[in-house]
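# Geometric and topological summary
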Amino acid sequence: MLVAADKFKGSLTAVEVAERVTAGIRRAVPDARIEAVPVADGGDGTVAAAVAGGFERREVAATGPLGEPLTAAFALRDGTAVVEMAEASGLQHLPPGVFAPLTATTYGTGEVLRAALDAGARDIVLGVGGSATTDGGAGMLAALGARFLDARGEPVGPGGGGLAALASADLTGLDPRLAATEIVLASDVDNPLTGPKGAAAVYGPQKGATPADVAALDAALSRYAEVLEAGIGSRAAAAALAPGAGAAGGIGYGALVGLGAVFRSGIEVMLDVLGFDRALARAGLVVTGEGSLDEQTLHGKAPVGVAAAARARGVDVVAVCGRLALDPAALRGAGILRAYPLTALEPDPARCMAEAGPLLERAAQALAADFLR
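These notes cover the structure that comes with them. (Residues numbered from 1 in each chain as written. Predicted model: local features only at pLDDT ≥ 70, side-chain atom pairs only at ≥ 80, totals over all residues. Heavy atoms only, no water.)

### A look at the packing of helix 8 (residues 211–232) against helix 9 (residues 234–241)
Threshold: Axis definition: a line fitted to C-alpha atoms, limited for helices to the stretch in contact. Angles are taken between N-to-C directions and run from 0 to 180 degrees. Helix and strand definitions follow DSSP, with helices as H or I runs of at least four residues and strands as E runs of at least two, each counted in order from the N terminus. The contact definition used throughout considers only heavy atoms, calling two residues in contact when any of these lie within 4.5 Å. For this classification, Asp, Glu, Lys and Arg are treated as charged, while Ala, Val, Leu, Ile, Met, Phe, Trp, Tyr, Cys and Pro are nonpolar and the rest, including Gly, are polar.
For the pair helix 8 and helix 9, the least separation of the axes is 6 Å and the interaxial angle reads 145 degrees. Between helix 8, through Ala225, Leu228, Glu229 and Ile232, and helix 9, the contact on the second element is made entirely by Ser234, Arg235, Ala236, Ala237 and Ala240. A class-by-class count of the residues in the contact of helix 8 with helix 9 yields six nonpolar, one polar and two charged.

Written as structure tokens, this is what we have:
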């Protein structure tokens, strides 16, 4: 059996999910052969999944979304780095109940990218998700040498709000090593930069943006794209409309237009990086999952990516989850034979999250009894 599940957000990391599933299976079938490849789709937990897959964890001093100093991590192996923007620019770095939709910056993500270059990385996977920011990646690019100036020739303020005053942009100072580096933008979000399906409109409210903030941010991001178009030409306008430009508050746009990144499905990239295909070749059954199997799962989340890869090899897939909001037909359409939700064992959501580990072992034991005996 191959256990390839994402985290149960708020209760278990992907590594802990694999450990609990393995323990539960062994209760039912002590001699079962089990291999684990904890996975992630580019969002928070991506560095941890890479480290579990054999990458070295590297730590670096960086700037948080509010400008505070923090320690962020990236993963490195054989010249390939996995950088997770949430490590420096994620919502988890904001105090409880505090949001900064207009001023939160991705500057720290740029610092982590620079540290990866310093460490010798020449292939970088930039996983985006869980961001506190809506600055179009301007902070990230500034940390890598770009300049964003107002009409007086002064640097604009941090965050998406500061881009409203943008008068000129200069990308010529970007770290020259970027030109020789292959960068993949790993995301499950294909939104454009602006408009009703853009970064501010769709994801701004999750970061504390009021309707007025959303309008201001969308206008500022439009200004940002216009100024970049004036400076570097039509490719800036094309990048603003490209799939993934609106990912993580528009950092996708900054990566596409400033770093020359290529957009790919986050889970597909991570499965490649983690060597999932090699493990799959040895598997007779795959167990995947995440905290909530729901409509969002069907749009490029880790379990569907795992199931698609397994189905292409003719390997059956079952899932574990905290909560199940998909009917059997939707599960089968996603390539998952059956799901085992923890809420079937403990219907109270608070207790279910608090006791997720033991409950997951019980669910895995039931799964093994159904599929391995």
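### As for the pattern of salt bridges
To be explicit about the condition: The working definition used for a salt bridge is a side-chain nitrogen of Lys or Arg within 4 Å of a carboxyl oxygen of Asp or Glu. Buried, partly exposed and exposed residues are distinguished by accessible area as a fraction of the type maximum, computed with a 1.4 Å probe on protein chains only: under 20%, between the cut-offs, and over 50%, respectively.
According to the stated counting rule, one finds 18 salt bridges in the structure shown. Salt-bridge contacts for Asp44 lead to Lys9; the nearest nitrogen and oxygen are separated by 3.8 Å. Of this pair, Asp44 sits in the loop between strand 2 (35–36) and helix 2 (46–52) while Lys9 sits in the loop between strand 1 (2–3) and helix 1 (14–28); the two residues are 35 residues apart in sequence, bridging distant segments of the chain. By relative accessible area, which is 57% here, Lys9 ends up exposed. The closest approach of N and O atoms between Arg177 and Asp175, which form a salt bridge, is 2.8 Å. For Arg177, a relative accessible area of 25% translates into the label partly exposed. Connected through shared salt-bridge partners, Asp6, Lys7, Lys9 and Asp44 make up one network.

### Concerning the sheet that holds strand 12 (residues 316–324)
The condition is simple: When DSSP finds two or more bridges between a pair of strands, those strands are recorded as paired.
Strand order in the open sheet made by the five strands is 2-1-11-12-13, with parallel pairing throughout. Because the sheet does not close on itself, it has two edges, and the strands there are strand 2 and strand 13 (339–341). Here strand 1 runs beside strand 2; their pairing, made up of two bridges, is parallel. Pairing of Leu2 across the sheet is with Glu35, part of strand 2. Docked against the sheet, helix 13 (residues 302–312) engages strand 11 (285–293) and strand 12, running at close to 160 degrees with respect to strand 11.

### Some details on helix 9
For the record, the criterion: Each direction from the helix axis to a C-beta atom contributes to the arc, which is the arc of those directions.
For helix 9, the set of buried residues is Ala236, Ala239 and Ala240. Projection of helix 9 onto a plane perpendicular to its axis shows the buried side chains occupying an angular sector of 105 degrees, all on one side. Structural note: helix 9 exposes Ser234 and Leu241 on the side pointing more than 90 degrees away from its buried face. The elements touched by buried residues of helix 9 are helix 8 and helix 10 (247–258).

### Notes on the packing of aromatic side chains
Applicable threshold: When two rings of Phe, Tyr or Trp (its six-membered ring) have centres within 6.5 Å they constitute a pair, described as stacked for plane angles under 30 degrees, edge-to-face for angles over 60, and tilted for the intermediate range.
By the definition in use, this model includes two aromatic pairs. Ring geometry for Phe148 and Tyr224: centres 5.8 Å apart, planes at 65 degrees, overall edge-to-face. Note that Phe148 is positioned in strand 7 (residues 147–149) and Tyr224 in helix 8, a separation of 76 residues in sequence. Grouping residues by exposure puts Phe148 and Tyr224 together as buried.

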